[in-house]
2 protein chains.
Amino acid sequence: MGKGKICAQVAHASLGAALEAMKKKPSWFEEWTKGGQKKVVLKVGSLKELLEIYQKARDLGLPAFLVKDAGLTQVEPGTVTAVAVGPAPEEEVDKVTGHLKLL
Amino acid sequence: MGKGKICAQVAHASLGAALEAMKKKPSWFEEWTKGGQKKVVLKVGSLKELLEIYQKARDLGLPAFLVKDAGLTQVEPGTVTAVAVGPAPEEEVDKVTGHLKLL
C-alpha cells in the first residue's frame, strides 16, 4: 500500500475504535479527549499477529476495531489492514500493544 | 515526520472532523457512515496551501479540522501538520480538495 492508503487505514481503525468507546466506555473516551486524544501507530510482523492483538483487546474488554478494506483500489476486497486498540487507560492498552515497535 | 507519525496526524484530523460532523451535520455523518466512511489522503505543497484549504472549507460551511501537534516528539509544539475536510457530500468536498494529488 502507498503511504496515503496506509494513513487511511489507520484513520479508519482509529475512528472505529473511538466511536465504540464513545458509546460503550464514555468515561474512557472523555479522559482520552482531555489528554489530547493521544494516538500511537505501531507495526506488527504478520496478519496472524494483528488478529491476535485484536482478540486480546476484545478478551480484555477494551474498545477495538478491525479494518477490512473494501478492496476498490490497492488491495483485495476484505483484506485486513489495521487494528485499533483503545481509547482506554494506558496500562490496559499496554497489556495488548506495549511490546510493539513504532511504525 | 516518520510514517507512523504522519498516519497519526491523519487520524487526528479525520476524527476531529468526523466528530464535528456528528454534532453539526448529523445527516452528512450518517450518509458517510452508510457509504463505509470513505477517506482519501491527499498532499499539499506548503503550509500556506494547507491553511487555505482549511479556510475554504470553513467558508463553505463544511466540517473541517486543523491539527496542531503537541510537539512532544518529532516536530515543534504547535506545528500545523494536517487538515481534514468533510464528511460532506462529495461534490462539496471536491470544491476544496478536488485538485490535490494522493499522498
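Residues numbered from 1 in each chain as written. Chains lettered and ligands numbered in written order. Predicted model: local features only at pLDDT ≥ 70, side-chain atom pairs only at ≥ 80, totals over all residues. Heavy atoms only, no water.

Engineer: Explain the pairing of strand S3 (residues 80-85) of chain A to me, using residue names and the numbers behind them.
Structural biologist: Residues and elements named next belong to chain A. Most of S3 is tucked away: five of the six residues are buried. In the sheet, strand S2 (residues 64-68) pairs with S3 via five bridges, with the strands oriented antiparallel. For Phe-65, the partnering residue across the bridge sits in S3 and is Ala-84. (Buried < 20%, exposed > 50% of the residue type's maximum accessible area, 1.4 Å probe, protein only. Helix = DSSP H or I, 4+ residues; strand = E, 2+ residues; numbered from the N terminus. Pairing = 2+ DSSP bridges.)

Engineer: Tell me about the packing of helix H1 (residues 3-24) of chain A against helix H1 (residues 3-24) of chain B, and please be specific about residues and values.
Structural biologist: Running from N to C, H1(A) and H1(B) cross one another at 45 degrees; their axes reach a closest spacing of 8 Å. It follows that H1(A) is oblique to H1(B) by the angle criterion. Crossing geometry of H1(A) relative to H1(B) is assigned as right-handed. Here A:Lys3, A:Ile6, A:Cys7, A:Val10, A:Ala11, A:Ser14, A:Leu15, A:Ala18, A:Leu19 and A:Met22 of H1(A) lie close against H1(B), whose contacting residues are B:Lys3, B:Ile6, B:Cys7, B:Val10, B:Ala11, B:Ser14, B:Leu15, B:Ala18, B:Leu19 and B:Met22. Partitioning the contact of H1(A) with H1(B) into residue classes produces 16 nonpolar, two polar and two charged. (Axes fitted to C-alpha atoms, helices over the stretch in contact; angles between N-to-C directions. Parallel < 35°, antiparallel > 145°, perpendicular 65-115°, else oblique. Left-handed = near helix turned anticlockwise from the far one by under 90°. Contact = heavy atoms within 4.5 Å. Nonpolar A, V, L, I, M, F, W, Y, C, P; charged D, E, K, R; others polar.)

Engineer: Got a sec to walk through unusual backbone geometry? Specific residues and values, please.
Structural biologist: All names here are of chain A. Cis peptide bonds are those with omega within 30 degrees of zero, and the linkage from Gly-86 to Pro-87 qualifies with 10 degrees. Mapped onto the elements, Pro-87 comes out in the loop between S3 and helix H4 (90-97). With a phi angle near 55 degrees, Gln-37 is a residue other than glycine that sits in the positive phi range. Tracing the sequence through the fold places Gln-37 in the loop between helix H2 (26-34) and strand S1 (42-43).

Engineer: If you had to explain the interface of chain B and chain A to someone new, which residues and values would you point to?
Structural biologist: In this assembly, 20 residues from chain B lie in contact with 20 residues from chain A. Where chain B abuts chain A, roughly 1800 Å² becomes buried across the two surfaces, and 79% of that area is made up of carbon and sulfur atoms. Among the residues of chain B in contact with chain A, B:Cys7, B:Leu15 and B:Lys39 are the three that bury the most area, contributing 30% of the side total. Taken together, the connections running from chain B to chain A amount to zero salt bridges. Summed over the shared surface of chain B and chain A, the result is four residue pairs in polar contact (both at pLDDT 80 or more). Looking at the side of chain B that touches chain A element by element, the count peaks at 13 residues for H1(B). When grouped by side-chain class, the residues that make up the side of chain B that touches chain A number 13 nonpolar, five polar and two charged. (Buried area = accessible area lost by both parts, 1.4 Å probe. Salt bridge = Lys/Arg side-chain N within 4 Å of Asp/Glu carboxyl O. Polar contact = N/O pair within 3.5 Å; in protein donor to acceptor, adjacent residues only side chain to side chain.)

Engineer: Run through the nonpolar core, naming residues and quoting values.
Structural biologist: Residue and element names in this part refer to chain A. By size, the foremost hydrophobic cluster in this structure holds 13 residues, and its most contacted members are Ile-53, Tyr-54, Ala-57, Leu-62, Val-83, Val-85 and Val-96. Top element by residues in this core is helix H3 (residues 47-59). It accounts for four residues. Excluding anything up to four places from it in sequence, Val-83 contacts Ala-13, Leu-50, Ile-53, Tyr-54, Phe-65 and Leu-66. (Core = buried A, V, L, I, M, F, W, Y, C linked by side-chain atoms within 4.5 Å.)

Engineer: Quick one: what's the story with the environment of B:Thr33, residue by residue and with numbers?
Structural biologist: Residues and elements named next belong to chain B. By secondary structure assignment, the location of Thr-33 is in helix H2 (residues 26-34). With a relative accessible area of 36%, Thr-33 lands in the partly exposed category. Sequence separation between Thr-33 and Pro-87 is 54 residues; the distance between their C-alpha atoms is 9.1 Å.

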